[in-house]
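This is what each chain is made of:
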Amino acid sequence: MARSYLFIPGNVPRMLQNMDVYEADVIIIDWEDAIAPGEKDEARILSETFLKKHAPDVEIYIRINAEPSLYEADLAHIPLNHVKGVVYPKSDTASLSKLLKVLPDSLDIIALIETPGAFFDIKTIAAMERISALFLGAEDLCSELGATRDPSGDAILFARSTLIMAAKAYGKDAVDTPWADLDANNLQKDAARAKNLGFDAKSAIHPNQVPLINRLFSPGAEQIKDAKRIIAMHERKGTMRFSLDGKMVDKPIIQRAYKLLEKARRYGLDGGDSVD
Amino acid sequence: MISKSLETLLDFVKPSDGMACSFHHHFRNGDNVLNMVMEALMDRDLTNLELYPSGIFPVHTSLIRALKENRIRNLTTNYISGPFADALNTYGLTGELTMQTHGGRARAIIEGENAIDVAFIAVSACDEKGNATGLEGDNVCGSLGYAIEDAIHAKKTILITDTIQTTITNPQIRSKWVDGILHVPSIGDPRGIVSGTLSITKDPLGLKIARDTIRFLDESGMIEKDVSFQSGAGGISLAITKMFTETLEEKGLSASFFTGGITKHHVNALEKGLVKDLYDVQCFDLDAIRSLRENPRHHFMSASDYANPNNDHRKIKDLSIVILGAAEVDLDFNVNVTTDSSGTIIGGSGGHSDTAEDAALSIIVSPLLKGRMPLIKDRVTSITTPGQSVDVIITERGIAINPKRHDLLERFKNTTLPLMSIESLQKKAHALSGVPKHSPAKGRVIGHIESRHGQKGDALYRKEG
């Protein structure tokens, strides 16, 4: 349901302090790649203390470290009342199964799919009950593949499509990889491509990327209007199959309309109940 | 008379102890003229000087020498930036410091309260008769708006320039106001005159404030045909100016005029037909200077025509929206842009309180925390702009409407913008910063803030210890 996921480093006080004004739907506090090995404790303690004291009004995940020895220390510092789940890097079936044995019950997992091997496991990963979303990590993936990303997205088209198929097949959210440079035109192209392929949301590595992502991944006014008309007709007729404007409407379209309207309402985009 | 010798020119004006001199700040931190004149006056051992610089910048080090040597009696200005403020605290004045507004200074000169003996006016070019401009020559500054009342009303007006031409196109200063011309090798350093670094903020919080400001303006219904608009040259203000013109474009509207200090963002809007006229009292960059020179819809105006409260034709009287900054705001919506929380001078009104009072909608934009200090105090250290002139405070964490604006409160009662009372906004800041210890400024009074109408306001202190 979220549109944007913003990574912030766990050891930068100003970014922790302002996480709730960056307008991202989800904040991912990073304890992995953004934090040098010698600064892990600093990030854990600072993030934990801040979250407990200030309880920011935003959905929060923590990107934990992939190695068990590190993520066990990570888990010990997660304030469970303030964190929805963890983003787990280098996900594959075996490592996720191991994580699930020690992960506190209240936390869900966003599986970061960023190795070639993970794509051969992706159906099993998507099927895991506590996995809430599949998240494409294209930088690491391209690095392993020897591929070069550009705004056309050609290098990651297969990976994107595969991840979306798996996520949608199991009712999970599909979250697109960040665009690494801060050029707004390139971000626009990359994000639009992801949206058209079917991603539910996109991640950001800088707060200034969030407004554009939110705009792109929000339902448009015409979409909201169409969804309202479909739902109104469905509720009036009481059937899952009818004709509207000369086009057939059936169950998947009705379900999509409900989902779109829910998203619009969540982000204050629904202009009321009128269907006109 | 025309001379290449400052000494000859000074002999002509017959300087004496207690002389009242004025300067303008259009050459900002590239200005050579104030230092040149002040050093010469001090070398003549003059004391008890009455100074009326429209603004003081870090480059004006001669004023520090003047303080050390106890040569200034009273100092009246609109803005102080740089080490001179610390020197004021260290050495004090024998008389008093008065912090005026841009409009208030123009009014006080015209009405004789700022009685100027000699106006030393740097111009980028003039002719031999004394017609002058800031638009031609080697060291252009653009508009000379803040020097016009000085030129007209001083007992003697001396132009100082590095470029004398046969003719001046559309002179801003008329020869009939001028008594002498000093021709010098250089009036300033172009790197400090116009800024090549005025840029839109990239700070995410600043951009959020800018976006919320545009949403607020949109929901207020004020972005409409023939709206007029002013904002400053700070990073957030520039972002708002850019977003404001983009919104005009999206809506297929054009504004009637933009006023105040002009930047390339204002010029872009003019050239795209998104605003009909620019009224320019000060150019902030080379694009603004070029436009003022070339575009007939880009108009020069004096400080009096800009903001003098007793000038019925002042441009800001018709201003719809002004966007302003703040160092501190208080629970009564008073704004301080003159001192920091310890009382040290960090700026001054400039046109802040002029535009806030006259515009139909005055909006203060600022991050809620300035470093570790909350923006909103119980009482500001000194009032630059009274709360009765301030309509809205917009921060990254919330928006407060002044309770006196019942119309706005009614209009925004169903908004999804984060509207709250100013007390709630202060609590939000305190939750992050803690409640700062209040340390009221104290020490010997060295001067006052003066309202644009000439009333004495909050005291300014020479700190103890």
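Throughout this document, residue positions are counted from 1 along each chain, in the order its sequence is written. Think of it this way: whatever chain is written first is A, whatever ligand is written first is 1, and the rest follow in order. Under the rules for a predicted model, residues below a pLDDT of 70 receive no local features and side-chain atom pairs below 80 are neither given nor counted, while totals for whole chains, interfaces and linings still include all residues. Note that water and hydrogens are dropped before the side-chain values are worked out from all heavy atoms of the structure.

The next thing to look at is the interface of chain B and chain A. Note on contacts: a residue pair qualifies if any of its non-hydrogen atoms lie within 4.5 Å across the two residues. Each partner contributes residues to the interface: chain B has 13 residues there, and chain A has 12 residues. Summed over both partners, the accessible area (1.4 Å probe) lost when two parts come together is defined as the buried area. Here chain B meets chain A over a buried area of about 1,100 Å², counting both sides, of which 52% is carbon and sulfur. Among the residues chain B hides against chain A, the three largest losses belong to Pro-204, Leu-205 and Arg-397 of chain B. Together they make up 41% of the total. We count a salt bridge whenever a side-chain nitrogen from Lys or Arg sits within 4 Å of a carboxyl oxygen from Asp or Glu. Our count for the contact surface shared by chain B and chain A stands at 4 salt bridges. For Glu-23 of chain A, the salt bridge identified is with Lys-208 of chain B, shortest N-O distance 3.6 Å. Any pair of N or O atoms that falls within 3.5 Å is considered a polar contact. Within protein, one atom must be able to donate a hydrogen and the other to accept it, and sequence-neighbouring residues count only if both atoms are side-chain atoms. For the pair chain B and chain A, the interface holds 6 residue pairs in polar contact (both at pLDDT 80 or more). The numbering of helices and of strands both runs from the N terminus, where a helix is a DSSP run of H or I of at least 4 residues and a strand a run of E of at least 2. Taken together, the elements giving at least two residues each to the side of chain B that touches chain A come down to α8 (204-220) and α15 (422-433) of chain B. Examining the composition of the side of chain B that touches chain A, we find that 6 residues originate from one element, α8 of chain B, more than from any other. Basically, the charged four are Asp, Glu, Lys and Arg, the nonpolar ten are Ala, Val, Leu, Ile, Met, Phe, Trp, Tyr, Cys and Pro, and anything else, Gly included, counts as polar. Classifying every residue of the side of chain B that touches chain A gives 6 nonpolar, no polar and 7 charged.

So, on to the packing of helix α5 (residues 118-127) of chain A against helix α7 (residues 157-169) of chain A. Residue and element names in this part refer to chain A. Between N-to-C directions, angles span 0 to 180 degrees; the directions come from axes that are lines fitted to C-alpha atoms, helices contributing only their stretch in contact. At their nearest, the axes of α5 and α7 sit 9 Å apart, and the two run at 20 degrees to each other. Comparing the axis directions of α5 and α7 gives the class roughly parallel. Considering how the two elements wind past one another, α5 and α7 form a crossing that is right-handed. Seen from α5, the contacting residues are Phe-119, Ile-122 and Ala-126; seen from α7, they are Ala-159, Thr-162, Leu-163 and Ala-166. Here the residues of the contact of α5 with α7 are counted per class, giving 6 nonpolar, 1 polar and no charged. To sort the angles, those under 35 degrees are grouped as roughly parallel, those over 145 as roughly antiparallel, those from 65 to 115 as roughly perpendicular, and the leftovers as oblique. In this scheme, a crossing is called left-handed if the near helix is turned counterclockwise away from the far one by less than a right angle; it is called right-handed if the turn is clockwise.

A few words on the domain arrangement of chain A. Domain limits in this description derive from either an automatic procedure or a database domain assignment. Per the domain assignment, the segments of chain A are domain 1 (4-216) and domain 2 (221-266). With centres defined by C-alpha atoms, the gap from domain 1 of chain A to domain 2 of chain A works out at 31 Å.

On to the pattern of salt bridges. Inspection of every chain in the model, using the stated rule, returns 57 salt bridges over all chains. The shortest N-O distance in the salt bridge between Lys-155 of chain B and Asp-117 of chain B comes to 3.0 Å. Residue Lys-155 of chain B is found in the loop between α6 (148-153) and β9 (156-161), and its partner Asp-117 of chain B is found in the loop between α5 (102-110) and β6 (118-122); the two are separated by 38 residues along the sequence. Judged by its relative accessible area of 65%, Lys-155 of chain B is exposed. For Asp-391 of chain B, the salt bridge is made with Arg-405 of chain B, and the minimal N-O distance between the two is 3.1 Å. Of the two residues, Asp-391 of chain B sits in the loop between β22 (376-377) and β23 (392-395) while Arg-405 of chain B sits in the loop between β24 (398-401) and α14 (406-411), which places them 14 residues apart along the sequence. The buried label applies to any residue whose accessible area, calculated with a 1.4 Å probe on protein chains only, is under 20% of its type's maximum; exposed applies above 50%, and partly exposed to all values in between. Overall, Asp-391 of chain B belongs to the buried group, its relative accessible area being 3%. Here Arg-405 of chain B falls in the buried class, since its relative accessible area comes to 13%. It is possible to trace a salt-bridge network through shared partners that takes in Glu-139, Arg-149, Arg-160, Asp-176, Asp-190 and Lys-202 of chain A.

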